[in-house]
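Structural overview for review
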Amino acid sequence: MPPGAEPLRIVLSGATGRMGTVLAELIHQEDGLELVAGIGRVPERGCDVGCPVVETPETAGSWIRQADVVVDFSSPELLARLVEGQGAELAGKALVVGTTGLGGEGERVLAHAAQRSPVLLAANFSVGVNLLLALAERAAAVLGDDVDAEVVEAHHRRKADAPSGTALALGEALARGRGVSLADVRVDGRSGHPGARPRGEIGFHAVRGGDIVGEHRVMLVGDRERIELGHVAQDRALFAEGALRAARWLAGKPAGRYTMRDVLGLG
Ligand code: NAD
């Protein structure tokens with residue numbers, strides 16, 4: 001950091017979780033970043049992650065006021081409580097959201113926040129996955145529904161939502177490439193007697209077990225050939241690094257919605 005430059009001040013929502021702990025460590029290691037406070041269940045694991053204090057969403061206002069960015073890897077419920085309860089304090093602050101499984105209500109909450117703040121939501125902060133999204137969209141545009149598209153993902157046993165946010169983002173990319181709406185062609189798993197596979201379906205399959213950090217595979221299966229595009233995350237720090245890159249990029253931007261494509265210049 002150049003002499004005299006102010007550090008980027010961060011409030012970490014979900015600070016005591018798996019991702020929050022990795023983020024807190026990285027913030028301490030990286031030059032030019034300062035962890036102002038954490039938000040989580042209080043008391044949970046105490047403040048053993050390097051933040052000076054862990055607050056609930058309802059008591060975090062004065063800390064948010066001191067921050068430039070709020071980085072959130074928590075749960076849809078915590079995020080909604082935070083954004084709705086601290087609307088005034090959050091105005092003008094950058095909001096980087098990694099929480100998945102938001103649903104329509106979570107999207108509505110973020111759309112509201114984006115009227116007053118720059119907001120970036122990413123189901124996956126890895127550069128590789130964002131490249132994979134672009135490749136999947138391109139492949140679907142070229143191959144259309146001549147091939148059957150299936151998205152297979154695997155995560156650790158504690159993951160709360162399924163299919164993963166990244167799997168759904170891949171499904172959206174495939175649907176966009178084909179010029180259809182994912183809602184019209186989405187199928188989650190198959191069991192019983194679903195019958196012959198209709199043309200155009202996009203299928204999702206979720207594997208859960210052990211401590212798998214995150215794996216995604218897009219299968220585009222034709223009659224005589226099969227294309228597979230995949231990504232394996234080997235370390236949670238991958239997502240944390242991407243989220244902090246997004247935080248540095250987003251701070252000070254005008255209010256509105258942004259994506260990792262903007263951060264990475266993927267167009
Ligand atoms: P975790 O369960 O280990 O941690 C969740 C944190 O949020 C904890 O600090 C917990 O105290 C807090 N929290 C959650 N609900 C709360 C509530 N109602 N009140 C108070 N505190 C609450 O989860 P994790 O593995 O760290 O993942 C967090 C989120 O990040 C999940 O949605 C996960 O899918 C997502 N994630 C996203 C990416 C990405 O690249 N976008 C990568 C990994 C995980």
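Residues numbered from 1 in each chain as written. Predicted model: local features only at pLDDT ≥ 70, side-chain atom pairs only at ≥ 80, totals over all residues. Heavy atoms only, no water.

As annotated in an unreviewed UniProt entry, the chain carries the name 4-hydroxy-tetrahydrodipicolinate reductase and comes from uncultured Gemmatimonadota bacterium. For the chain, the Subunit (unreviewed entry) comment in UniProt is given as "Homotetramer." Taken directly from UniProt, the Subcellular location (unreviewed entry) text for the chain runs: "Cytoplasm". (UniProt positions renumbered as here; feature names shortened; annotations may be inferred.)

1. Focus on the sheet that holds strand β4 (residues 69-72)
Taken in spatial order, the seven strands make up an open sheet running β3-β2-β1-β4-β5-β6-β12, and their pairing is parallel. Single-partner strands in this sheet number two, and they are β3 (54-55) and β12 (256-258). Note: strand β1 (residues 8-13) against strand β2 (residues 33-39), six bridges, orientation parallel. Bridge pairing in β2 links leucine 12 to glycine 38. (Pairing = 2+ DSSP bridges. Helix = DSSP H or I, 4+ residues; strand = E, 2+ residues; numbered from the N terminus.)

2. Regarding the sheet that holds strand β8 (residues 186-188)
The strand order across the open sheet built from five strands is β8-β9-β7-β10-β11, with neighbouring strands paired in mixed fashion. Lying at the two open borders of the sheet, with one neighbouring strand each, are β8 and β11 (226-233). On average, each strand axis in the sheet is inclined to that of its neighbour by 15°, with strand direction left out of account. Pairing of strand β10 (residues 214-221) with β11, which is carried by eight bridges, proceeds in the antiparallel orientation. For valine 218, the partnering residue across the bridge sits in β11 and is leucine 229. (Axes fitted to C-alpha atoms, helices over the stretch in contact; angles between N-to-C directions.)

3. Considering the environment of glutamate 225
Examined against the element boundaries, glutamate 225 turns out to sit in the loop between β10 and β11. Between the C-alpha atom of glutamate 225 and that of valine 147, which follows or precedes it by 78 residues, the distance is 9.0 Å.

4. Some remarks on helix α7 (residues 165-178)
Between its first and last C-alpha atoms α7 spans 20 Å; for 14 residues at 1.5 Å apiece the expected length is 20 Å, and the two agree. Burial within α7 is extensive, with 10 of its 14 residues counted as buried. Residues of α7 that are buried: Gly165, Thr166, Ala167, Leu170, Gly171, Ala173, Leu174, Ala175, Gly177 and Arg178. For α7, the elements touching its buried residues are α6 (127-143), β7 (148-155), α8 (182-185), β9 (202-208) and β10. Positive phi appears at glycine 179, one or two residues downstream of α7, with a value of about 75°. (Expected span 1.5 Å × (residues − 1). Buried < 20%, exposed > 50% of the residue type's maximum accessible area, 1.4 Å probe, protein only. Contact = heavy atoms within 4.5 Å.)

5. A closer look at the packing of aromatic side chains
Describing an aromatic ring pair means giving the distance of the ring centres and the angle of the ring planes. For the coordinates displayed, the defined rule picks out two aromatic pairs. An angle of 45° between the planes, with centres 5.6 Å apart, marks the rings of phenylalanine 73 and phenylalanine 125 as tilted. Pair noted here: phenylalanine 73 is in the loop between β4 and α3 (76-85) and phenylalanine 125 is in the loop between β6 (118-121) and α6, with a separation of 52 residues, a long-range link. Take phenylalanine 73: its relative accessible area is 14%, and that puts it in the buried class. Residue classification places phenylalanine 125 among the buried residues on the basis of a relative accessible area of 2%. Arranged with centres 5.5 Å apart and planes meeting at 75°, the rings of tryptophan 249 and tyrosine 258 form a pair that is edge-to-face. Lying across the ring of phenylalanine 204, arginine 186 places its NZ or CZ 5.7 Å from the centre. Over the aromatic face of tryptophan 249 sits the side chain of lysine 253, whose NZ or CZ is 4.3 Å from the ring centroid. (Phe/Tyr/Trp six-rings, centres within 6.5 Å; stacked < 30°, edge-to-face > 60°. Lys NZ or Arg CZ within 6 Å of the ring centre and 35° of its normal.)

6. A closer look at the side chain of serine 117
Its location among the elements puts serine 117 in the loop between α5 (103-113) and β6. A residue is classified by how much of its surface remains accessible, and serine 117, at 3% relative accessible area, is buried. Among the polar contacts listed, one links the side chain of serine 117 to the backbone nitrogen of glycine 92, at a separation of 3.2 Å. In this structure the side chain of serine 117 is engaged in a polar contact, spanning 3.1 Å, whose partner is the backbone oxygen of lysine 93. Excluding anything up to four places from it in sequence, serine 117 contacts Leu90, Ala91, Gly92, Lys93, Ala255 and Gly256. (Polar contact = N/O pair within 3.5 Å; in protein donor to acceptor, adjacent residues only side chain to side chain.)

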